[in-house]
Amino acid sequence: MDKGQKFYITTPIYYVNARPHLGHAYTTLVCDAVARRRRMLGYDTFFLTGTDEHGVHVERSATASGTPPQKWVDQVSAEFRALFDKMGISYNDFIRTSDARHKRGAQELWRRLQEKGFIYKGTYTGQYCVFDELYVDAAGPGAPCPECGRPTETVSEENYYFKLSAFADKLLTHFQEHPDFIRPETRRNEVIAFVKSGLRDLSISRSTFKWGVPVPGDPKHVMYVWLDALSNYITAIGFGAEDQDTQARYQRYWPADVHMIGKEIIRFHCVYWPAFLMAAELPLPKNIIAHGWLLFEESKMSKSRGNIVRADTVIDVLGNDALRYFLLREIVFGQDGSFSFDALVQRYNSDLANDLGNLASRTLTMIQRYFGGAVPYPSPLVAHAAADDAIREQAEATVADFARLFDDYQFSRALETAWSLVGAVNKYLVEQEPWVVAEKEGEENKARLATILYTAAEALRVVTALAHPVLPESTVKIWSQLGLREISKFNLTDLKWGQLPLGGKLGKIEAVFPRADKTAIERMQQMEQERTSSSAAPQSSTSTAGSAAPAQSAATPAPTAPASDGKITIDDFMKVELRVGQVKFAEKVKGADRLLRLEVDIGTEVRQVVAGIALAYEPEKLVGRKVVLVANLQPRKLRGLESNGMIVAASVGDEGKPVLAGFLEDVPVGAKLK
Ligand code: MSP
C-alpha cells in the first residue's frame, strides 16, 4: 500500500422511505473501519455517505401523509445522520440528493451526456413498475413486474433515453483490463453475463411526477432516480460546483477508490454508472465491492419483511464497539450472514470481555501493582525465555497478516489473526505465572517479572493499534491506560515491536468491556419490541404469486376502488376455481430474477404456470410440493411463456415476499377449494 496518497470511499446513499436499521448500519460501519485504517496509514481519506431522497415512492408517501416531500425527506434523512453520529461514524461529508449542490452537479452530468450525443428523446408506451422504477417491455396492462411481481402501471411517456447499448463492448473491455474493478469474483461474473446478454438503451427521465432533479432545459421532466442518485459520488466532492476550491476537491478525490455496496445494487453500480461516466468522459471508480446481506431470522433484514433490528438497540445495551466487532468478525465479508442477539452476546463476552478485556486488565493491573504503574524494562539477557521470543515473533507476523487480510476486505480473518495473538499472550501469562514470580525474592526474579509483563503489555499495544479502526472507542481507553496518547494519530506504518516507552507511566486502569449478563439479550429484545410497536407495522396480505396481481405495497396504491362496501357475493367468489395442484417440475426463467416456470399437476392435466416466487423459493425444493392454483384464469404471456393459472401465496410486507399457501393435512391433487 502506498503512503501519502488520497483514498476516497463511499457507501450507497440510503433511501429515505425506510427508517435506518442494522443492514444500513453494516455497510456504513464497514466503510468506517476501512476509512479509519486508511487514515492511520497516512492516507488523505475522504469518506462519503448520505441519503437518496427523490422518486415517486417518496412523493407518494409524503403526499399520503399530508407532508410536503421536502419536509418528509428532511425528517428521515436527519434520522440516518443522527444514527451515524451516534455510531461515531467518521464520515467526511453527508450528501443529500435534495441538496442544491447535488442537483447542480447532477444537471451538469446530464449536460455532458447530452453534449457528447448520448441522450435522445423517445416515446415509451407500456407497463411501468413504480417500485423498481422499471419499464416492463412486452407486457400487457396490469402485468406483474418481472423483478418484484407487483402489478405494473400503464404509462405513455415521452422520455429521454441514454444510449446504454453503445457501451457493452467498452464495459466488457474495462472488466477484462481491470480484474479487480468488481469484487468479489462471483458478482463480477454476474455483471459480465448481464452485459453479454445485451444492453438496451435506458430511459433516464420521468414526466409523471415532479419530485426529482429537473432535466436541464426541459423541466417537465425529472431525472431517473438512479442517474440522479449515482451522481452523488461526484457531486458531493464538487463536480459541477461553481467555486474553484470545491472543484479542486473533486480533482483531488475522484475517481473513488471504493464504492461499497450491497449485492442487490450491482447492476446500477457496475453497468449503468460506469457507462454514464464513460459517456461523460470521466474516470471510472477503481473498485466496486459488493457485500452480502445481513439476515435476521433467515431472511434479508428489511423493513418490508418486518424483521429488522435497529443499531440503536445494540448500541444502547452493549455499545458501538460490540456491534462493530460482531459484524466484522462474525460475518464473512461478501457473503450473507446472520445476526442474532445470542451470537452477539456470546461473541462479545468471549472475545471482548474475556480475551481482550482480561489481557488488558491483568497485564496493566500487575504493572501497577509490581512496578508502581511504570512500564518495566525487559531484560534481554538474564531473564529471557524462548516463550518471550515466540510472542514477539507472533506479534510481528500478526502486523503483516492483519494488514494483508484487512486491506483485502477479509475483516473476519484479519480479526481472527489479531485475536489469536490475544489468545497466545493470555496463554503465555498463564504459563509464565507472573503472580508466582512476583512472590519470589531476588533480582533475577524481578527481571523475569519485568520481561513477562513488558512482553504482555507490548503485545497488547500492538493488538490495540491494529484493532483501533474496528473498536474505536475501547481502544482509545486501552491506549491511554497504556500511557499512550491519541491512538487515531498513531501512524500504523510505523507499528513495530518494542515501541512501548520503557518507564512510561500507565494511565488510570478501568475495565473496558464489562461482561454482559443474561438480561442483555432480554433487554435488547424488549427494546426492539417497543420500537417496533411504536413505529408503523409492516403490512401483510394474501395474494397470488402467479400471473395475477400480487399484494399492493405502500408504494403502489390499489388501482381500482372496491365495490361500494368492498364485499363480493358468494356467487362472485364461486366463479373462482381454486384447486390443489402438485409441482412436477420447476426452473428459473432466464433473464427474470423473480420468475419460476412451474409444471403443476391439477389432477386432470398438467399446467404450465409462471410465478413470481423465485426469490423466495429454490426451484428444486418445490418439486413435489402441493400448492393452491387459481385454475380458471385466462392464459397470459410472461417473458414469452404462457402462464395458465396462478399460485396462491401470502404476500408479506410491502416488498410482497411470497409465502405459498398449503395444507396441514394431506390433500389429494385436484381437490377443489370452496
Ligand atoms: N438508494 C439506493 C442506493 C443508491 S446508491 C447511488 C438503495 N438504498 S437502500 O437504502 O435500499 O439500500 C442501500 C444499502 O443498504 C444496500 O446496498 C446495502 O449496502 C445496505 N443494506 C440494506 N439492507 C441490508 C441488509 N439487510 N444487509 C446488508 N446490507 C443492507 O439501494
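Right above here is the structure, for reference.
Read on for an overview of the structure.

About the thresholds
- Residues numbered from 1 in each chain as written.
- Predicted model: local features only at pLDDT ≥ 70, side-chain atom pairs only at ≥ 80, totals over all residues.
- Heavy atoms only, no water.
- 1 Å grid on protein atoms, 1.4 Å probe; cavity = no way out; pocket = protein on both sides within 12 Å on 5 of 7 lines; lining within 4 Å.
- Points joined across faces, edges and corners; volume = space filled by probe spheres on them.
- Helix = DSSP H or I, 4+ residues; strand = E, 2+ residues; numbered from the N terminus.
- Near = heavy atom within 4 Å.
- Polar contact = N/O pair within 3.5 Å; in protein donor to acceptor, adjacent residues only side chain to side chain.
- Areas by Shrake-Rupley, 256 points an atom, 1.4 Å probe, with all protein chains shown as cover.
- Nonpolar A, V, L, I, M, F, W, Y, C, P; charged D, E, K, R; others polar.
- Buried < 20%, exposed > 50% of the residue type's maximum accessible area, 1.4 Å probe, protein only.
- Pairing = 2+ DSSP bridges.

Focus: empty space enclosed by the protein
Here is step 1 of the chain: Under the definition given, this model contains two cavities of 30 Å³ or more.
Here is step 2 of the chain: Reported here for the second largest cavity is a volume of approximately 30 Å³.
Here is step 3 of the chain: Every residue lining the second largest cavity is listed: A395, E396, V399, V462, L495, K496 and W497.
Here is step 4 of the chain: It is helix 14 (residues 386–406) that contributes the most residues to the lining of the second largest cavity, three residues altogether.

Some thoughts on the site of the ligand
Here is step 1 of the chain: Taken together, 25 residues are adjacent to the ligand, and I13, T27, D52, L294 and M301 come closest.
Here is step 2 of the chain: Note that a nitrogen atom of the ligand is positioned 2.8 Å from one of the backbone N or O atoms of I13.
Here is step 3 of the chain: G262 has a polar backbone atom sitting 3.0 Å from an oxygen atom of the ligand.
Here is step 4 of the chain: Protein chains shield 95% of the accessible area of the ligand, which is 670 Å² for the free molecule.
Here is step 5 of the chain: For the shell around the ligand, the secondary-structure elements that each account for two or more residues are strand 2 (14–15), helix 1 (22–40), helix 7 (225–230), helix 8 (232–235) and strand 13 (258–262).
Here is step 6 of the chain: Residue composition of the shell around the ligand, grouped by class: 13 nonpolar, nine polar and three charged.

Details of the environment of T604
Here is step 1 of the chain: Tracing the sequence through the fold places T604 in the loop between strand 20 (596–601) and strand 21 (606–611).
Here is step 2 of the chain: Residue T604 is classed as exposed on the basis of its relative accessible area of 70%.
Here is step 3 of the chain: Separated by 66 residues in the primary sequence, T604 and G670 place their C-alpha atoms 7.0 Å from one another.

Brief notes about the sheet that holds strand 9 (residues 202–203)
Here is step 1 of the chain: Read from one edge to the other, the open sheet built from four strands follows the order 6-5-7-9, with strand pairing classed as antiparallel. Each having just a single partner strand, strand 6 (134–136) and strand 9 make up the two edges of the open sheet.
Here is step 2 of the chain: Note that strand 5 (residues 119–129) and strand 7 (residues 153–162) share ten bridges and pair antiparallel. Note on strand 7: the bridge partner recorded for T125 is S156.

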